[in-house]
Amino acid sequence: MAGIVDLRSDTVTKPTLEMRAAMAAAEVGDDVYGEDPTVNLLERRAAETFGREAALFVPTGTMGNQIAIRTLTQPGQEVIAESRAHILDFEMATTAVFSGCLIRAVPAEGGILTWKHIEPAISPYGGFRAATGLIEIENTANLAGGRVTPLGVLEEIWDGARAHKLPLHLDGARIFNAAVALGVDVKTLTRGFDTVMFCLSKGLGAPVGSMLVGSAALIARARVYRKALGGGMRQAGILAAAGLIALEEGPKRLGEDHANARLLAEALAHTEGVAIDLETVETNIVVFRLAAGKGAGELAARLKARGVLVGAFGPDAIRVVTHRDVSRKDCIDAAEALTEEIEAGIKTASIK
């Protein structure tokens, strides 16, 4: 293979030449004082895109999620989330440490929470157990293979949460992927959430950064919590300049990533020893399992030796993620390597 095909995540993209030029030329100021014009422009654009009053530029999606949770909850409350949610598995227990809240993990078929899952998990205020303070949704659902929550399902959740007077936060790290898959704009797809976090540095292709959008009052409070977490970045316009290009140009090409993921998924579906449900492949993430129930780490190592990087999750699960820096040809080559190495592993195991 001519070069490395990195399918571990869509966070691995390099900034484009256009981004690098914009970063070099960016007008900057001290963002903690609110004086960086490029950051201010990015925040205005993000707020406009989502139909919100205000937005906040943060270094990472994790920080954006945790700021939102702190802003919308009180210590001692529960946050309802799907059992494989990013805030539970990959955010270092910060909901407990920073917000003093417990995540109430709710398993859902295919990783997609519905109101039917959520309502029984709601705990009212009282003297026996912690009350529910927030409902969190992840769209797309990362560990469910990038699955999309449809608008109709979201509308039912919004209505139910409103009836229970509960706030809603969206971990929309890849919400633009969901919007492209559903053919619905992000403003419509997120209108019922109090806060929305989305990443500039995943499918949209920026080198750094995420955004948190919401009402002016909520974002004013969020700005305080960003400072508490060390997220005041001073002359951050250098980063925001790339974020502006990502926000404007990134969504236009996400359909290519989805098509490439489908190519990989279909190749895997025809590979002996692979368990995969093609109906779950809706965006740019493919998760499959090895039918043997083990060997994911070894497969990832063999693929790395061939120049293909993938993510091993547990003993038998592999995740691949398509993005701007892998071409159609790269994905065809990677599919061939995947098929050959999986089938070679089966033959080796049978000999042993």
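Enquirer: Can you walk me through the overall build of the chain in this structure?
Expert: In terms of helices and strands, the chain carries 14 helices and 13 strands. Taking 2.2 N^0.38 as the reference for a compact globule, 352 residues should give roughly 20 Å; the C-alpha atoms of the chain span a radius of gyration of 21 Å, in line with that estimate. Along the first, second and third principal axes, the C-alpha atoms of the chain reach 65 × 55 × 35 Å. Across the 352 residues in the chain, those meeting the buried criterion constitute 53%. Considering only contacts within the chain whose residues lie at least 6 apart along the sequence, 74% involve residues at least 24 apart. Taken as a whole, the chain presents about 15,100 Å² of accessible surface, with 55% of it coming from carbon and sulfur.

Enquirer: Looking at this structure, how should I read the pattern of salt bridges?
Expert: Between side chains of opposite charge, a pair can form as their charged atoms come close. Taken as a whole, this structure holds 21 salt bridges when the rule is applied. In this structure, a network of salt bridges that share partners links the residues Arg302, Arg306, Glu340 and Glu341.

Enquirer: What's the story with the sheet that holds strand 12 (residues 311–313) in this structure? I'm lost.
Expert: Strand pairing within a sheet occurs via backbone hydrogen bonds; the two strands may be parallel or antiparallel. The sheet built from four strands is open, its strands ordered 9-10-13-12 with antiparallel pairing. Two strands in the sheet have a free side with no partner beyond their single neighbour: strand 9 (274–275) and strand 12. Of the strands in this sheet, strand 9, strand 10 (285–290) and strand 13 (317–321) are in contact with helix 12 (residues 254–269), which crosses strand 10 at around 15 degrees.

Enquirer: For this particular structure, what's the right way to read the packing of aromatic side chains?
Expert: Note on aromatic pairs: each is described by the distance of the centres and the angle between the planes. Scanning the model with the defined rule gives five aromatic pairs in all. Ring centres of Phe50 and Phe176 lie 5.8 Å apart, and the angle between their planes is 90 degrees; this geometry places the pair in the edge-to-face category. Of the two residues, Phe50 is situated in the loop between helix 2 (37–49) and strand 2 (54–58) and Phe176 in helix 8 (residues 175–182); the sequence distance between them amounts to 126 residues. We classify Phe176 as buried; its relative accessible area is 9%. Their ring planes at 90 degrees and their centres at 6.1 Å tell us that Phe98 and Tyr225 sit as a pair that is edge-to-face. Remark: Tyr225 occurs in helix 10 (residues 216–228) and Phe98 occurs in helix 5 (residues 94–99); sequence separation between them is 127 residues. Its relative accessible area of 21% is what places Phe98 among the partly exposed residues.

Enquirer: How should I be thinking about the layout of surface pockets in this particular structure?
Expert: One water molecule sets the probe size; rolling that probe over the atoms shows where empty space is left. Approximately 420 Å³ is the volume found for the largest pocket. Secondary structure elements with two or more residues in the lining of the largest pocket: helix 13 (296–305) and helix 14 (328–351). Classifying every residue of the lining of the largest pocket gives seven nonpolar, four polar and five charged. A volume near 330 Å³ is recorded for the second largest pocket. In this structure, the second largest pocket is lined by 17 residues; those nearest its centre are Arg84, Leu143, Ala144, Val287 and Arg289. At the level of secondary structure, the elements contributing two or more residues to the lining of the second largest pocket comprise strand 10 and strand 13. Residue composition of the lining of the second largest pocket, grouped by class: nine nonpolar, three polar and five charged.

The rules we used
- Residues numbered from 1 in each chain as written.
- Predicted model: local features only at pLDDT ≥ 70, side-chain atom pairs only at ≥ 80, totals over all residues.
- Heavy atoms only, no water.
- Helix = DSSP H or I, 4+ residues; strand = E, 2+ residues; numbered from the N terminus.
- Rg over C-alpha atoms; globule rule 2.2 N^0.38 Å.
- Buried < 20%, exposed > 50% of the residue type's maximum accessible area, 1.4 Å probe, protein only.
- Contact = heavy atoms within 4.5 Å.
- Areas by Shrake-Rupley, 256 points an atom, 1.4 Å probe, with all protein chains shown as cover.
- Salt bridge = Lys/Arg side-chain N within 4 Å of Asp/Glu carboxyl O.
- Pairing = 2+ DSSP bridges.
- Axes fitted to C-alpha atoms, helices over the stretch in contact; angles between N-to-C directions.
- Phe/Tyr/Trp six-rings, centres within 6.5 Å; stacked < 30°, edge-to-face > 60°.
- 1 Å grid on protein atoms, 1.4 Å probe; cavity = no way out; pocket = protein on both sides within 12 Å on 5 of 7 lines; lining within 4 Å.
- Points joined across faces, edges and corners; volume = space filled by probe spheres on them.
- Nonpolar A, V, L, I, M, F, W, Y, C, P; charged D, E, K, R; others polar.

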